[in-house]
Every structure is written in structure tokens, then in C-alpha cells.
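What follows is the residue order along each chain.
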Number of protein chains: 2
Amino acid sequence: MASQRDVAKKAGVSFMTVSRVINKKINVDENTRQKVLKAIRELGYYPNVLGRGLNRNKTEAIGVVIPTCSHLFSTQYYLELLRGVEQYCAIAGYGMLLYPARDDSGMIDYQKLYQERRVDGMLIIAPPVKDDQLKIIVKKKVPFVVLDGHQAGSSDKRIVFVDADNRGGASEAVQYLIDQGHKKIAHIAGWKTVANGRDRLFGYKSTLKKNGISHKDDYIREGDFTEITGYYKMKDLLGLKDRPTAVFAANDLMAIGAIRAVQETGLGVPGDISIVGFDDIPSAKYSNPPLTTVHQMTFQMGFEAVKLLIENILQDKWAESRVMETKLVVRESVKSL
Amino acid sequence: MASQRDVAKKAGVSFMTVSRVINKKINVDENTRQKVLKAIRELGYYPNVLGRGLNRNKTEAIGVVIPTCSHLFSTQYYLELLRGVEQYCAIAGYGMLLYPARDDSGMIDYQKLYQERRVDGMLIIAPPVKDDQLKIIVKKKVPFVVLDGHQAGSSDKRIVFVDADNRGGASEAVQYLIDQGHKKIAHIAGWKTVANGRDRLFGYKSTLKKNGISHKDDYIREGDFTEITGYYKMKDLLGLKDRPTAVFAANDLMAIGAIRAVQETGLGVPGDISIVGFDDIPSAKYSNPPLTTVHQMTFQMGFEAVKLLIENILQDKWAESRVMETKLVVRESVKSL
DNA sequence: TTGTATGCGTTATCAA
DNA sequence: TTGATAACGCATACAA
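Residues numbered from 1 in each chain as written. Chains lettered and ligands numbered in written order. Predicted model: local features only at pLDDT ≥ 70, side-chain atom pairs only at ≥ 80, totals over all residues. Heavy atoms only, no water.

Details of the packing of helix α2 (residues 15-22) of chain B against helix α3 (residues 30-43) of chain B
Residue and element names in this part refer to chain B. Running from N to C, α2 and α3 cross one another at 90°; their axes reach a closest spacing of 10 Å. Between α2 and α3, the crossing angle belongs to the class labelled roughly perpendicular. Every residue of α3 that contacts α2 at Thr17, Val18, Val21 and Ile22 is listed here: Arg33, Val36, Leu37 and Ile40. Within the contact of α2 with α3, the residues separate by chemical class into six nonpolar, one polar and one charged. (Axes fitted to C-alpha atoms, helices over the stretch in contact; angles between N-to-C directions. Helix = DSSP H or I, 4+ residues; strand = E, 2+ residues; numbered from the N terminus. Parallel < 35°, antiparallel > 145°, perpendicular 65-115°, else oblique. Contact = heavy atoms within 4.5 Å. Nonpolar A, V, L, I, M, F, W, Y, C, P; charged D, E, K, R; others polar.)

Focus on the layout of surface pockets
Space inside the largest pocket adds up to approximately 1,200 Å³. Lining the largest pocket are 43 residues, and of these A:Glu227, B:Gln76, B:Pro282, B:Ser283 and B:Tyr286 lie nearest its centre. For the lining of the largest pocket, the secondary structure elements donating two or more residues are α10 (227-238), α11 (252-264) and α12 (282-286) of chain A together with α5 (76-92), α11 (252-264), α12 (282-286), β10 (292-296) and α13 (298-315) of chain B. In terms of residue class, the lining of the largest pocket is made up of 15 nonpolar, 18 polar and ten charged. (1 Å grid on protein atoms, 1.4 Å probe; cavity = no way out; pocket = protein on both sides within 12 Å on 5 of 7 lines; lining within 4 Å. Points joined across faces, edges and corners; volume = space filled by probe spheres on them.)

Overview of the interface of chain B and chain A
Taken residue by residue, the interface counts 46 residues in chain B and 47 residues in chain A. Carbon and sulfur atoms make up 62% of the surface buried where chain B meets chain A, a total of about 4,500 Å² over both sides. Our count for the chain B to chain A interface comes out at zero salt bridges. At the junction of chain B and chain A, the tally comes to twelve residue pairs in polar contact (both at pLDDT 80 or more). Among the secondary structure elements, those contributing two or more residues to the side of chain B that touches chain A are α4 (49-56), α5, β2 (95-101), α6 (110-116), α10 (227-238) and α12 of chain B. A total of eight residues in the side of chain B that touches chain A trace back to one element, the largest contributor, which is α5(B). (Buried area = accessible area lost by both parts, 1.4 Å probe. Salt bridge = Lys/Arg side-chain N within 4 Å of Asp/Glu carboxyl O. Polar contact = N/O pair within 3.5 Å; in protein donor to acceptor, adjacent residues only side chain to side chain.)

Describing the sheet that holds strand β12 (residues 326-329) of chain B
The strands making up a sheet associate through backbone hydrogen bonding, with each pair oriented either parallel or antiparallel. All names here are of chain B. Taking strand neighbours across the sheet as the criterion, the six strands line up as β7-β6-β8-β9-β10-β12 in an open arrangement whose pairing is mixed. With partners counted over all chains shown, the strands left at the sheet margins are β7 (220-222) and β12, one partner each. Neighbour-to-neighbour, the strand axes of this sheet turn through a mean angle of 15°, independent of strand direction. Direction of pairing for β10 relative to β12: antiparallel, over a ladder of four bridges. Considered in β12, the bridge of Gln296 is made with Thr326. (Pairing = 2+ DSSP bridges.)

Notes on the pattern of salt bridges
All names here are of chain A. If you walk through the whole model with that rule in mind, you get 28 salt bridges over all chains. A salt bridge links Glu42 to Lys38; the nearest nitrogen and oxygen atoms lie 3.4 Å apart. Here the residue Glu42 and the residue Lys38 both occupy positions in helix α3 (residues 30-43), the gap between them amounting to four residues, near one helical turn. Look at Glu42 and you get partly exposed, because its relative accessible area is 46%. Here Lys216 and Asp242 are joined by a salt bridge, their closest N and O atoms 3.4 Å apart. Here Lys216 is found in the loop between α9 (195-210) and β7 (220-222), whereas its partner Asp242 is found in the loop between α10 and β8 (246-249), with 26 residues between them in sequence. The class for Lys216 is partly exposed, based on a relative accessible area of 33%. If you follow the salt bridges from partner to partner, you end up with Lys10, Lys38 and Glu42 in one network. (Buried < 20%, exposed > 50% of the residue type's maximum accessible area, 1.4 Å probe, protein only.)

Points about the sheet that holds strand β5 (residues 161-164) of chain B
In space, the twelve strands of this open sheet follow the order β11(A)-β5(A)-β4(A)-β3(A)-β1(A)-β2(A)-β2(B)-β1(B)-β3(B)-β4(B)-β5(B)-β11(B), with mixed pairing throughout. Strands at the two margins of the open sheet, each flanked by one partner only, are β11 (322-324) of chain A together with β11 (322-324) of chain B. When strand polarity is set aside, the average angle formed by the axes of neighbouring strands in this sheet is 20°. Examined bridge by bridge, strand β5 (residues 161-164) of chain A and β11(A) share three bridges and lie parallel to one another. Note on β11(A): the bridge partner recorded for A:Val162 is A:Arg322. Each of β3 (121-125) and β4 (144-147) of chain A touches helix α7 (residues 132-139) of chain A; the most contacted strand, β4(A), lies at about 150° to it.

Details of the protein's contact with DNA strand C
A:Thr17, A:Arg20, A:Asn55, B:Gln4 and B:Tyr45 are the nearest of the 28 residues found near DNA strand C. When atoms of DNA strand C within 4 Å of the protein are sorted by moiety, sugar and phosphate together comprise 60%. A:Asn55 is positioned with one of its side-chain polar atoms (N or O) 2.4 Å from a base nitrogen of DNA strand C. A distance of 2.9 Å is found between a phosphate oxygen of DNA strand C and a side-chain nitrogen or oxygen belonging to B:Arg52. Those elements that provide at least two residues to the surface near DNA strand C are α2 (15-22) and α4 (49-56) of chain A together with α1 (4-11), α2 and α4 of chain B. Here the surface near DNA strand C gets five residues from one element, more than from any other, and that element is α4(B). Residue classes in the surface near DNA strand C are distributed as ten nonpolar, twelve polar and six charged. (Near = heavy atom within 4 Å.)

Quick look at α7(A)
Residues and elements named next belong to chain A. Residues of α7 that are buried include every one of Gln133, Leu134, Ile137 and Val138, and no others. Buried residues of α7 fall within an arc of 150° about the axis and therefore sit on the same side. If you follow the buried residues of α7, they end up packed against α6 (110-116), β3 and β4. Two residues or fewer past α7, Lys141 is found with a positive phi of approximately 60°. (Arc of directions from axis to C-beta.)

Some thoughts on the packing of α1(B) against α3(B)
All names here are of chain B. Remark: α1 packs on α3, axes separated minimally by 9 Å, with the N-to-C direction vectors making an angle of 120°. One element, α1, and the other, α3, form an angle in the oblique class. Where α1 crosses over α3, the two elements pack in a sense that is right-handed. For the pair α1 and α3, the contacting residues are Asp6, Val7, Lys10 and Ala11 in the first and Lys35, Val36, Ala39, Ile40, Glu42 and Leu43 in the second. Partitioned by chemical class, the residues of the contact of α1 with α3 number six nonpolar, no polar and four charged. (Left-handed = near helix turned anticlockwise from the far one by under 90°.)

Describing the relation of the copies chain B and chain A
Superposing chain B onto chain A takes a rotation of 180° combined with a translation of 0.0 Å along the rotation axis, leaving an RMSD of 0.1 Å. The symmetry that links the two subunits is that of a two-fold axis. When the interface residues of chain B are mapped onto chain A, 100% of them again lie at the interface, so the same face is used by both copies. (Least-squares fit on C-alpha atoms with pLDDT ≥ 70 in both.)

Let's talk about the protein's contact with DNA strand D
Neighbouring residues of DNA strand D: 27 residues in total, closest A:Gln4, A:Tyr45, B:Thr17, B:Arg20 and B:Asp29. Sugar and phosphate atoms represent 54% of those atoms of DNA strand D found within 4 Å of the protein. At 3.0 Å from a phosphate oxygen of DNA strand D is found a side-chain nitrogen or oxygen belonging to A:Ser19. In this structure, A:Asn23 approaches DNA strand D through a side-chain N or O atom, which is 3.2 Å from a phosphate oxygen. Those elements that place two or more of their residues in the surface near DNA strand D are α2 and α4 of chain A together with α2 and α4 of chain B. Of the residues forming the surface near DNA strand D, the biggest block, five residues, is contributed by α4(A). Residue composition of the surface near DNA strand D, by class: ten nonpolar, twelve polar and five charged.

As C-alpha cells, then:
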């Protein structure tokens, strides 16, 4: 593969001139510039980022750590997040190195990922809640941003994050159900090891409390964000003696699974059971009935997160974290009592 | 960040000894080895792949080109593919560099992607059918594998690919409908610019022909693989004077959209219209009614493709392409006439 | 405007 | 068993 030396030889100049042309320095004669460009074209030369990275000590690439754990990864939601990430990377001209993080490996050695491939920063998507490794890279001053994994209140203040207002969104959903006259409200929760699962549960509990409704442990079922567990947890809830009249699911997939469970039992949504989801994934609009859910700006979150990260890298400053607004989208899966 | 030199100084040896320890060479005294390992641990040293890559002329990373075009990227199907890709990369210890390829940029300069970041090979997912750039990297001997984008019959023989038997699968689906007594069979096709869209269309047409059924242009509607176009194309089909009794959709998402359209019109699936999909995504099993569809081994395809690619890279041989079997999964969305 | 020397971190090769 | 030297491709600093 052609290097600057080859180009230089072909153009009859020194390789430094080639380097200057590539880096668009001004101090190079237009004639020689043309000669060099011609040689570059003819040889199909492209700069080698290894050499450049070694020299400049940066690679113009970021590492993206994404949870492969179980089914999370195959969720529309994470894809949408990734699309936002990808978009900003493309705009900024940054490469994306994917680090799928398996849950079975226990701890993730972010430091290693960072150092080995010499990425300029790390985007860490949905890290486990208990993640001492994060503290290590804070101390080592590795530039990183946490996307979708900030547990409100409990986090290290020095950690920059981008996340939806999970507590607020959950609260809005539950308050809506209460306002529609519901009192027996169950919750199909997300994984406790994931921050947004915990935050949405928190929003659920605190809103009940604020409205003077005591929560029943029976009414809280932990799922894993997949449609299938939504289905089974709903079946469980339907089997209760004192059946809830409404269910708030921690995400849309589980809500859709829950709807199916209700309908299969011969009951109706929202006739017999009202259901609210979270995320507003594309299919929420098209489910039957259309799902009332908490909309979050998923794509924008991914986009913002990388923007923040790259700004941090370039300006070497401490960016502000961002909590993105959520908004309840009322469709047809809730009946007022 | 610590380099081999730093480790060497700390351990009181030369940096070559450090290099040897890292590369697990045998010719190093156990005592010195322990000293070095201790220093490595204390300094938090990790090898710098830039330096190594520059020297060895390989990076142990592959480039994954994936279509961001429109909505394709956010499809469960591609995620499943990616999971397989990721899995084998993890096993082989290879890094994954993601190159999202926008359709608006026209041609994709694979050569550039390959050379710039010095990946060891490229996995090209669902390239545009007319892709002259592919021929270029064939000529330049860039190791690459095409995943899910091989148009049966028409491709350059030297291109290694992994794909499902799209023609065969489509054929099986349509034959099944015919065997159930259907004659008026429509097709909601995928994008023509994507090979599997074309191949499934081909399977549809050829199977009708084989059974002596002439195809009507009215009965072929081109969608873009999303649920929403499935919905609209089905509405169009329902509006025809001579309504079809069965529809073969080029993927499950469109099939699910189509089911919704039928049901919204007050008709039933499979009562009034039978529907068959392709892919067998998770939600196919849970749709209402459960979708009869062509199962393909999506995860395994991703896995196999990388396996092939990495074998090619390591052994510098010309691997065989693989066509993966498909299998019709009969559920409840087809009625026999 | 252009060219030369140097070093980034690593490994291959040869010498001790 | 260990160490010295050169080279990979590039860009910075300095010299011509």
C-alpha cells in the first residue's frame, strides 16, 4: 500500500511536501501541490491513521461500549440510540469502534479498551448500575460520556451523562393514570441492574406515594425489557385476586407483550385493563390499540451524547450533563374510570 | 500513558524483554518475567495497537460496513445479524470498526475505509446491488466478505458472500400458498436496490410461473421493508377490484403492517386474506395471528460471515461462499381454500 | 518554499 | 537469556 514516501518519489519531491499537501498547509507551491495530488490519485494513496495516530497521539475515533447482555442489544430502542451516535460521528468525521460488553464477563475494563486501541474517548451505553470501573477511568481522566445509564441522584458528580428524565417520565405516566381515576396501578419493571429500570420504578413508587396510594409488592413485577416477559408478567398480574385496573410498563416492548396477554385472556385494552408504556418506539403507534406511552428523544440522546463527548475531547473541558425531556403521548390504551 | 519503555525502566530491564513477555515468547527467564509482569500491573500498561499495527502491518480489527440507509439499520433483523458478527469478533479477539454507509453519499469508497484505518478486512453488509466499488477492492485483493447482499447468479464469482437462500425461501413460501389452494397471490416486495429484495421477488415470480399462474403487475407492490409501508401497500392491494386472497411479504415487518391494514378494514387474517412473511423475527411468533414466515438463521449468518472473513485473513486463502438454508415456519396466518 | 532529522510504540533481526 | 538497532508511516521542529 502506498505511503507518503511512494507518493513523494512519484511526484519527485520529498515526503514532507506530501505530508504538507495532505494536511492542507499553505506553504506549498501550487505547482508542486498539483503534482503531489496527481501522484496521490494515481497511487490510490490514503493516509495511514496508525502512523498519524502514533505521532499525534490521537486517532479521531471513539469507543462505543454497548451492552450485549441478553436481549437488550436487539432492542429497537438501542438501535435508535446507535443511529444518533453514528450520525454525529459521521458529521464530526470520527470513527466508531464498537465494544460489545458481555454481562457474563463481570467487570468491563474500560481503561484497557481505551488504551489498547487508543480511541480519543469512550461512549458508555447503559453500564451496570454498580460499576466501580467507571470511577477508575474518572480518576485517570479518560474522556467519556455515559449514555442512558445515569441513575438520578446516586452518581458520581464528575461523570458526564446524557439520559432521559426517567423518573419524571415515569411519574407523568403514573400521574396520568391516577388522574384518569385509576387507583389499582401495577408496574412491570425493567431490570434492576439497569439504571433506567430503577429510575422508572422510583418514579412509579414516588408518584403513588405523593397521591396517597400505598403500593403493593404484588403489583410490582420485574421483567427484562422484552416483549415476552411483558407477556408473562401480565399473565401473573391477571391471576391476582385483586386485579389491577391499570399497568405501567417500564418500556413499550413489555407493554405490547402485556396487551397481548390481556387480549388472550379474553379481556380488553383499555376496556378492562389500561396500559402505559415508555420509550415510544415506532411500533407503539401501530399497536392495537395504539399505545399511550412516554416519548423520549432516543435518536437525539445518542446524537447529543457524542456531541458532548467530542466537544470534551477537543476543548478539553468539562461539559455539562444533559437530562432530556420526556413527554407523555396519549393514544388509546388507557380508559378513564 | 505507560509504554514498554516505562515498564522496562520500572522493571530494570530493556524494553525488548518487556515486548517478549507481552508476546509470550518462551525465551525469557521466569524471574525477569515476573518482575516485568509486576511492573505492567503497577503501571496499568496495555499495549498500544497503533505501534503494534504499524510494525506488524495488521490491526486485528475488521471494518463493518452497514447500511444506515433510511430505516434498514433500525431493523431487528440487522441487529440480529450484528449480534452474530459481534459474537465471532469477540471469540476471535478482533475489534469491530463500524462504518455506517449512508445512501446519500452515492458510492462507498471501501478502499479508503480499508486503507485509512488499516483494518485487516471488511465485512460488507447489504451493499447496493449496483456496486462497482466492490469490483475495485476485489482487484486490489482487499479481504472482504459480503453479508446479506448477494444477488444470486449475477455476482462476480470472486466475491465471497454469506447469504440466505432468498430465492429458495421465497419460492417455498409461495409454493405453500399455492398448495393451500391460493391462486391470487400478491407480493409486497422489498427495495429493488437491495439484493434480497430482488431475489425474493424473483422467487415469487418464478414460482407462480412454474405453477402456471401468470403474475399481475397490480399484485406486486414495492415497499422499503418497514412496517408502515407494509401497511400502506396492503391498503392499496385491498382497494383492488380483483382482490388477492393471499400476500407474500418480503419481510416480517411489512407482513405485520399488512396484517394491521387488513384488520383495520374489518377483514380478518387468515379468514379473508392469508399472509406470509420472511425472516422470522422474534415478534413474528407473537403477532396476532402468529405469522407464517420463512425462517432464516440470521444470527448464524453474521457469525459465519465473520468466521469466513477472519479465516481468509489468517490463512490468506479463498474461502467458499455460503448460502444458508431457509425453512418455512407454519403458524396461523394462512388459511387453506 | 522545500528538505532533513527526530520520535511516537511496537516488533523483527541480529548481536552479545 | 538479554540487549541494541532498524523499521513501520506520519508530523513536528528546525535548517536550508
